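Coordinate analysis (summary)
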Amino acid sequence: MARILAIEDNPTNLELMAYLLRAFGYEVLEATDGEVGLAVARRERPDLIICDVQMPGVDGYEVARQLKSDPTLRMIPLLAITALAMVGDRDKVLAAGFDGYIAKPLTPQTFVQQVAAFLQPNQRITSKISRAGASRISASITAPVHA
């Protein structure tokens, strides 16, 4: 089972990401800011890291810089989760060291598949959540989550 670290300062976004990933069988580590996220990454060495770009203090760009400059962590796939949607933002995020980009608001029906695409094939959960389960997840989410 893959271990995924989610770094997100918005509690609602963090809860949603963790809930969806756990529903599909992934182990989720959580951090509410970049500094804690870096410490967890160094200690736990997750299989993948999802990181918000816009956070106070240590932002996603600094997280990417530190992770990609550390020889023991640089190979961990790093995904940006961001509401930045202007022309050039995606390129800026990828140039900063992120390996991929998922735009907010998150789409519960596709989020886990987007994340799993960055895992090694043997780390992906192959069993799919039931259609009824996916409907319950979607129904439990009342509005798109931004920021």
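First things first, this report covers the structure right here in the doc. All of these numbers come straight from a predicted model, not from anything done at the bench. (Residues numbered from 1 in each chain as written. Predicted model: local features only at pLDDT ≥ 70, side-chain atom pairs only at ≥ 80, totals over all residues. Heavy atoms only, no water.)

**Side note on the pattern of salt bridges**
What counts here: Salt bridges are counted wherever a side-chain nitrogen of Lys or Arg sits within 4 Å of a carboxyl oxygen of Asp or Glu. Secondary structure is summarised from DSSP: a helix means a run of H or I of at least four residues, a strand means a run of E of at least two, and numbering begins at the N terminus for each. Accessible area is worked out with a 1.4 Å probe on protein chains only. A residue is then buried under 20% of its type maximum, exposed over 50%, and partly exposed in between.
Inspection of the entire model under this criterion finds seven salt bridges. For E8, the salt bridge identified is with K104, shortest N-O distance 3.0 Å. Here the residue E8 occupies a position in the loop between β1 (3-7) and α1 (11-23), and K104 occupies one in the loop between β5 (100-103) and α5 (108-116), the gap between them amounting to 96 residues. Note that E44 and R43 form a salt bridge whose closest N and O atoms lie 3.2 Å from each other. Given a relative accessible area of 58%, R43 falls into the exposed group. Members of the salt-bridge network, linked through shared partners, are R3, R43 and E44.

**Some points on the pairing of strand β4 (residues 78-82)**
Rule in force here: Strand pairing is assigned whenever DSSP identifies at least 2 bridges connecting the two strands.
Of all the five residues making up β4, five are buried; the element is thus mostly covered by neighbouring parts of the structure. The side-chain alternation of β4 yields two buried faces, one formed by L78, A80 and T82 and the other by L79 and I81. Strand direction decides the pairing type here: strand β3 (residues 48-52) and β4, joined by four bridges, are parallel. When the bridges of β4 are listed, I50 appears paired with L79. The pairing of β4 with β5 spans four bridges and is parallel. When the sheet's bridge partners are listed, I81 is paired in β5 with I102.

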